[in-house]
Amino acid sequence: MKRLSLTLTGVLLATSALIAPGLAFAQAPAPQSEPDVEVEELIVLGANIPEPNRESSEVGAFLTVEDLQRTGDPSAADALTRVTGLTVVEGRFIYVRGLGERYSSALLNGSPLPSPEPLQRVVPLDLFPSNILESVTVQKTYSANFPGEFGGGVIDLRTINAPKEPFFSFSSSLGASTETSLKNGLTYFGSRTDDTGFDNGTRDVPDLIDAAFGAGVQINRANFTTDELSAMGRALVNAPLRLLQESEIPVNFGLDVAGGFSRDTGIGELGVFAVAGYSNSWQTREGFQEEGRFSGAVLVADTSKAFVSTQNDIQWNLLAGLSLSNPDHELKWTNFYVRTTTKEARTSSGPDLGAGGAIIRDDYTEWFVRQLFSSQLAGEHFFMDGALGLNWRASYATTSRDAPYESRFQYGQNATGDFIHNPSNLISFSDLDEDVISGGADFSYTLPLSNQREAVFSFGVSRTDSSRESVRHDLQLAVVNSLTDNQRLMRVDFLFSDYNLNEDTIELREVSGSNGAGAYEADLVVDAVYAQVDAEIFPLIRTTIGLRYEDGSQSVTPRDLFGGATFPSTTLKEQYLLPAFTGTWNFAEDQQFRIGVSKTIGRPQFRELAPQAYVDPESDREFTGNPFLVDTKILNLDARYEWYFARQQFLTAGAFYKDLERPVESVVVLTGDQRQQSFLNAPAAVIYGAELEAKKYWEFADVGSPFIADKRWLVQANYTWSKSEVQVEAGDTVKTQGGGGVDEQASFFIADGSRLQGHSDHVFNLQLGWEDDSARSQATFILNYVSERITARGAGAAGTREPDYIQDPGIFVDFVYRKEFDFVGREVGFALELRNLLGTEYDEYQELGNKIRINTYDLGTSASMSLSARF
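Q: Could you give an account of the overall build of the protein, with specific residues and numbers?
A: Scanning the protein from terminus to terminus reveals 12 helices and 42 strands. Across the 871 residues that make up the protein, the buried fraction comes to 52%. Counting contacts in the protein only where the partners sit at least 6 residues apart, residues at least 24 apart contribute 72% of the total.

Put into structure tokens, the structure is as follows:
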């Protein structure tokens, strides 16, 4: 057998000869005597096509270690904003092709993860530092070996492995922001160990209150004596957790260490590696938050408050793993732990027209601890000279969100303009815990179809069992009798001191939500089996055909904190057959054309089904769930052309179309003077668009300037245009929490033809940079543009509905410079990163006649420097 690699011209000539041998012989001169060569088939190798793109028939994007280093992004969430059609929301959640995070899934080494976020079941990707990642795969077409919850794409984070050569590295960084660093910001004392991200016990629930919580007894006069209530109130920590202060904010800093080695043993190569990191960063936000109402045909500000917030984020992370491998078998044990603590102090003040135009001030102190631990054992085995393969994985992951002493104290103004205490205050203790136990096995058999082509038959089973428990207790220091003028002028810690906590002045009461609004339990169990064939049946044409069966059972059960009434569970039990087809035609040298067709689903998230109220600290908006939500069914169509005209250089162009039945949308609901954000199933929606991406290097060796001639210049850009439409026809209905599940007119909540929530029509990324191998340096300018998107539907009925809430992400320009050099015989790296050079602000608004600043603040420009050394 002889394997032939031909150019495009050669392929066309050879193909003509194979198809029409008579014609070929008729036109050719008499053949010369040559040695017989048996040609079984002709193939185009596609030497320039990157290995991941060549091995997969799916439409996808792949981030390598080199990509992560070039952009210098600190987390997976930041890095993914550089991928075609992807945007990041709140710095944590990824939207793929304009579809919200609910329509994308995140896997760690192929296993699902729980989320510590009350509003999402999808894990936030800011929890994953980029230095633990070996690669990130974003698959935009569905294949049956992945979970059926797929709309925008699946994001598979792959962690680093044990190295072939032993190493140890260390890096440190310093950073500053124009809005925050070395400027006065808001803080509160907290505990003496807050700088570590760990509380020293100051924020523990006091024993007396914890006993009442545990017994399910509401804290009020009906269940406790006034002396007991006074003792409970005095047990709450006062000044350290309530008193806002101004102080100079320090610079950001971080430390990372990594090491690993491999050693040959009698049964295989043993690998050990670990990566650990610590970061401490600050952000001050200063801006406006408003609410609008109709005044005639235009919107006017009903509430307008200026706010200042200072947030301190401290993260610890550890990735450690063991591996044992030989040519046919590999075992891996990977463990990942991350803890992120957010300490925030903020204040807002301004006129509240709903309160007659009075000036209202609210002071907040908060402490949020998010933790995630994941442990995975996985194996890869080959038998029958590699023809038979088995991949298996078993994973346990747990996450938590602890928010003790989440406090708000409100003030009004007296006749002289001094701020005085209002009776309104709230102290909340909330916990969220979620566990995911998952396992799966994939069997594959490779059948040779020829010397160069093969078919891979795959079969797999998997099970995912997710469970969540969320509890929230709300306390209030209530005024028993009227406060004196002197008391209302007191500092917060003086007013709520032990002296005033008595049966006649101020008394502790529990005001937690009733009717199951204070706690819920939720679980999701998905059993799945799939079969798939990946084959190059004809030369140059590769197809993947698969079918997945999923049996899913999801339930959310509200729980009465005080052991009273029981509440029915919201249960969704569905079985789905999810077909998937993709095809790749390697029709020319280093060129491919892909198509994909599939059916997938999207399930409501736990929080969206639960009636528990929750205030989002990012937006200060209150959310509540809707137990009447149902699954979303999705049809996906994709096509993409790829041309890899040189190594690491390419041009791709694609198009996609998605049809969504009953997509989940967020709406703003008016309850009296209060606004609350909830969820509903819109009748239907479509989203379609086109993607274009190109990467090209230039070298100008003949240019006289050494600065230009000695470098390799890069231009890389991608652009996504897409359009979405929510479809509402006459007679369409929806079910809402406020309506008690009774059918309501869909047009009351959603306008026909409006965009899907979270969707941006335009996403553009550009990288301009150079590489200098002799100087061992690299520099890149990075531009990211995302057009406006809807964050929530406006409140009101058809004809009088307010405009939707809009966020304008705008344009961000960053610069990253990296250089390596030798110092004392060691390899040392230096990096400089400048972010948001244009000073783009965060801007969320409504607009009709006037612009209502829903949430607007300056982000500022930031800079950081880091040094790393490898030993």
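Q: Mind laying out the environment of Phe198, listing which residues take part and the relevant values?
A: Here Phe198 shows up in the loop between strand E9 (184–187) and helix H6 (207–215). Overall, Phe198 belongs to the partly exposed group, its relative accessible area being 34%. Considering only alpha carbons, one finds Phe198 and Thr341, 143 residues apart in sequence, at a separation of 7.8 Å. Those residues in contact with Phe198 that sit more than four places away from it in its chain are Ser191, Thr193, Trp316, Arg339 and Trp367.

Q: Lay out helix H7 (residues 226–235) with the relevant residues and their values.
A: Taken together, the buried positions of H7 are Thr226, Leu229, Ser230, Met232 and Gly233. Looking straight down H7, one finds its buried side chains confined to an arc of 160 degrees; they lie on one side.

Q: Account for the pattern of salt bridges, with residues named and values stated.
A: Under the defined criterion, the tally for this structure stands at 39 salt bridges. For the salt bridge of Glu290 with Arg853, the shortest nitrogen-to-oxygen distance reads 2.9 Å. Linking Glu290 in strand E12 (residues 269–295) with Arg853 in strand E41 (residues 850–857), this pair joins segments that are 563 residues apart in sequence. Residue class for Glu290 comes out buried when judged on its relative accessible area of 8%. On the basis of relative accessibility, which here comes to 28%, the residue Arg853 falls in the partly exposed class.

Q: Tell me about the sheet that holds strand E4 (residues 104–108), and name the residues and values.
A: Spatially, E1-E6-E7-E4-E5 is the arrangement adopted by the five strands of the open sheet, whose pairing is mixed. At either end of the open sheet lies a strand with only one pairing partner, and these are strand E1 (60–64) and strand E5 (111–112). The pairing of E4 with strand E7 (residues 153–159) spans five bridges and is parallel. Bridge pairing links Ala106 to Ile155 in E7.

Q: Just give me the short version of a negative patch on the surface, but keep the residues and values in it.
A: Among the surface-exposed residues, Asp204, Asp207, Asp210, Asp402, Asp431 and Asp433 lie close enough to one another that they form a single negatively charged patch. Contributing elements (two or more residues each) for the negative patch: H6 and strand E17 (419–448). Overall, the relative accessible area of 31% leaves Asp402 in the partly exposed class.

Q: Explain the environment of Gln139 residue by residue, including any values.
A: Mapped onto the secondary structure, Gln139 falls in strand E6 (residues 133–139). Residue classification places Gln139 among the buried residues on the basis of a relative accessible area of 9%. Along the primary structure Gln139 and Ser56 are separated by 83 residues, whereas in three dimensions their C-alpha atoms are 9.8 Å apart. Polar side-chain contacts of Gln139 include one of 2.8 Å to the backbone oxygen of Thr141. A distance of 2.8 Å separates the side chain of Gln139 from the side chain of Ser143, its partner in a polar contact.

Q: Explain the nonpolar core to me, using residue names and the numbers behind them.
A: Counting 34 residues, the largest nonpolar core has Leu80, Val123, Leu125, Phe128, Ile155, Leu157 and Phe336 as its most contacted members. Going through the elements one at a time, E1, helix H5 (76–80), strand E3 (93–96), E4, E6, E7, E12 and strand E14 (329–352) are the ones with two or more residues in this core. Considering each element in turn, this core owes the most residues, four residues, to H5. Sequence-distant contacts of Ile155, defined by excluding residues within four places in its chain, comprise Leu80, Ile94, Ser105, Ala106, Leu107, Leu125, Val136, Thr137 and Val138. Ile209, Met232, Val237 and Phe429 belong to the second-largest nonpolar core, a separate cluster that totals 30 residues.

Q: Got a sec to walk through the packing of aromatic side chains? Specific residues and values, please.
A: Considering all chains together, one arrives at 20 aromatic pairs under this definition. Aromatic side chains Trp585 and Phe587 sit 5.3 Å apart centroid to centroid with 55 degrees between the ring planes, which places their arrangement in the tilted category. Here Trp585 falls in the partly exposed class, since its relative accessible area comes to 45%. Between Phe707 and Trp713, the aromatic rings sit 6.0 Å apart at their centres with planes inclined by 65 degrees, giving edge-to-face as the arrangement.

Rules used in this analysis
Residues numbered from 1 in each chain as written. Predicted model: local features only at pLDDT ≥ 70, side-chain atom pairs only at ≥ 80, totals over all residues. Heavy atoms only, no water. Helix = DSSP H or I, 4+ residues; strand = E, 2+ residues; numbered from the N terminus. Buried < 20%, exposed > 50% of the residue type's maximum accessible area, 1.4 Å probe, protein only. Contact = heavy atoms within 4.5 Å. Arc of directions from axis to C-beta. Salt bridge = Lys/Arg side-chain N within 4 Å of Asp/Glu carboxyl O. Pairing = 2+ DSSP bridges. Patch = residues over 30% accessible without salt bridge, like charges linked within 9 Å, V, L, I, M, F, W, Y side chains within 5 Å. Areas by Shrake-Rupley, 256 points an atom, 1.4 Å probe, with all protein chains shown as cover. Lys, Arg positive; Asp, Glu negative; His and termini not counted. Charge placed at Lys NZ, Arg CZ, Asp CG, Glu CD. Polar contact = N/O pair within 3.5 Å; in protein donor to acceptor, adjacent residues only side chain to side chain. Core = buried A, V, L, I, M, F, W, Y, C linked by side-chain atoms within 4.5 Å. Phe/Tyr/Trp six-rings, centres within 6.5 Å; stacked < 30°, edge-to-face > 60°.

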